[in-house]
Amino acid sequence: MTYTSLLYLFVFLPGVLAAYHLAPRHHRPKVLLAASYLFFLSLSGKLLVYLLFSTLSLHHMGLWLGCLNAEVESKLLTAEDKKAVKTLYGAKRRKILWFGIGLQLGILLVLKYSDFFISNINRAMNLLTFQDLLPSVRFALPIGISFYTLQAVSYLVDVYYEKIKPDDNLLRLALYLAFFPSLMEGPVCRYNQTANSLYEGASLSYKNLTFGMQRILWGLFKKLVIADRLNLLVETIFNNPGNYSGITVIIGAVLYTFQLYADFSGCIDMTIGTGELFGITIPENFRQPFFSKTASEFWRRWHITLGTWLKDYIFYPISLTKVVKKLGKKYRSKFGKHVGQILASSPALFGVWLANGFWHGTGWNYIFFGMYYFVLILIGNLLEPVIKKTTDALKINQNSIPYRVLQSGKLLIIVFTGELFFKAKDLTTGVHMFFSIFTGFHWSVLTDGSLLQLGLSIPDYFALFLGFAAVVTVGVIHERGILIREKIAGWNMPARFGFLYAAIFLVLIFGAYGDGYLPAKLIYAGF
């Protein structure tokens, strides 16, 4: 059962809505938690034990930290005691924090990354003419473990720094980790963003129901019309990379990027829309990323919640270490304020992008993907003053349309190249595919019917064109700050219902399902 399955859309979700509405307010959180665990069981079965362990251990560690915080306050009788007490309890609190983080990340590392580490250790042994040192091992992964683990870590850190109080309500904490709309693909929510609204048991309202249904429908449009239709073409190229080169590989990389965006952002639309049905606000995860001009800006608009998590829990902690602070002073005195600051922050930036690549998967291509953006963003930050001086000297207006188009074109090349390696079977295949772009480059591929041999027909390309046009149009409108759903809400009832029915029929008519198609599994559910 996934977010796009008929069972979910026409049985599970309506059933949960009905049970939620009929239940007394104080029982509604229990309905959501039961539905969440049922959803988890339908996908991962007995692996639910991992989620339960994470929840119980998180609850215990949070309360433990809270007790120590209270003890510190109770023992600060005089100013002289303050330093000694905080030193003593500070060490205890740090041990509990790292133990709690170790439990959460340890489960993820063992289940998801054991095979990666073992295979690389064995490969290193083989290079030294030794036999395999460790037996290969592969564990079944619970759905959503990469997402709920990050949420658990953020909760512990926020309790440690007393940004939030430890929750003594196990049900609320369990629902924060397991809420079914965000379980498979995120977004990565913070405790103070969703936990209380999840537990309030807000009543259903006409606005929430209509807005939620519209958002779910928009997500289905992107997923079924664009992502699933592109899947057969993308898989044909990436599963047989030796058969294609030049412009065909470029087409594969470009269309995979759009497929990934339509799939991931479409599922996030469905997640946010489902939350709206219950009166729960789930944070946005995309903000028109393809309107960006630089790689840094792109990642501030793409997978926003992961980016902010990495910034808050990796970038800032590394930046505030004594070693990095010393480097900052040294580099600023030696290279000047701008270059020195960029170089000083580079260890934190490296940590962010190493974690970003590693979080996405267990192949070297994912690590390369992270390092690719690390290098590009670092160079971009270093060259920013140089570019500003150059454009000023040449009297080039950076806000002019030609310059912005040039910037956007450059960014798209960067993004498409990164996604080529991201999608490739492994790093070696990614490198071969990248260099194959420059061989056999024939424009005739676009006109000789070769594109019709990749799994899609002319009507499919027409449906894709309509889908892209709709997504771009909506993106332009949102970029201008216009709230489409608020505008629709101001229409009269016949117009609103006419629009809704038209949208439903568009999804039904142009959706890629049935014989001849290869529906894509929810891509980010695999990360």
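That block above? That's the structure.
Computed from a prediction, not measured in an experiment: that's the story for all the values here. (Residues numbered from 1 in each chain as written. Predicted model: local features only at pLDDT ≥ 70, side-chain atom pairs only at ≥ 80, totals over all residues. Heavy atoms only, no water.)

Asks: With reference to specific residues and values, describe the packing of helix α2 (residues 28-44) against helix α6 (residues 170-178).
Replies: One way to put it is that α2 packs onto α6 with a least axis distance of 10 Å and a crossing angle of 45 degrees. If you check the angle between α2 and α6, you find them oblique. The handedness of the crossing between α2 and α6 comes out as left-handed. Contacts from P29, K30, L32, L33, S36 and Y37 in α2 reach L171, A174, L175 and A178 in α6. A per-class count over the contact of α2 with α6 returns eight nonpolar, one polar and one charged. (Axes fitted to C-alpha atoms, helices over the stretch in contact; angles between N-to-C directions. Helix = DSSP H or I, 4+ residues; strand = E, 2+ residues; numbered from the N terminus. Parallel < 35°, antiparallel > 145°, perpendicular 65-115°, else oblique. Left-handed = near helix turned anticlockwise from the far one by under 90°. Contact = heavy atoms within 4.5 Å. Nonpolar A, V, L, I, M, F, W, Y, C, P; charged D, E, K, R; others polar.)

Asks: Any details on the pattern of salt bridges? Residues and values, ideally.
Replies: Under the counting rule described, the total for this entry stands at 15 salt bridges. In this structure, R190 and D312 form a salt bridge, with 3.0 Å as the shortest nitrogen-oxygen distance. With R190 in the loop between α7 (180-183) and α8 (191-200) and D312 in helix α12 (residues 304-319), the pair connects residues that are 122 residues apart, well separated along the chain. Among the ionic pairs, E276 bridges to R485, the shortest N-O distance being 2.8 Å. (Salt bridge = Lys/Arg side-chain N within 4 Å of Asp/Glu carboxyl O.)

Asks: Explain the packing of aromatic side chains residue by residue, including any values.
Replies: If you walk through the whole model with that rule in mind, you get 56 aromatic pairs. When the ring centre of Y20 is taken as origin, the NZ or CZ atom of R28, which lies over that ring, is 5.4 Å away. The ring of W359 is capped by K112, whose NZ or CZ atom sits 5.7 Å from the centre of that ring. (Phe/Tyr/Trp six-rings, centres within 6.5 Å; stacked < 30°, edge-to-face > 60°. Lys NZ or Arg CZ within 6 Å of the ring centre and 35° of its normal.)

Asks: Would you mind going over the side chain of N169 in detail, with residue names and values included?
Replies: Checked against the element boundaries, N169 lands in the loop between α5 (145-160) and α6. Apart from residues lying up to four places away in sequence, N169 is in contact with H59 and Y199.

Asks: Please provide a residue-by-residue account of a positive patch on the surface, values included.
Replies: Residues K322, K325, K326, K329, R332 and K337 make up a contiguous surface patch of positive charge. Per-element tally for the positive patch: the top contributor is helix α13 (residues 322-335), with five residues. You can call K325 partly exposed: its relative accessible area is 47%. (Patch = residues over 30% accessible without salt bridge, like charges linked within 9 Å, V, L, I, M, F, W, Y side chains within 5 Å. Areas by Shrake-Rupley, 256 points an atom, 1.4 Å probe, with all protein chains shown as cover. Lys, Arg positive; Asp, Glu negative; His and termini not counted. Charge placed at Lys NZ, Arg CZ, Asp CG, Glu CD. Buried < 20%, exposed > 50% of the residue type's maximum accessible area, 1.4 Å probe, protein only.)

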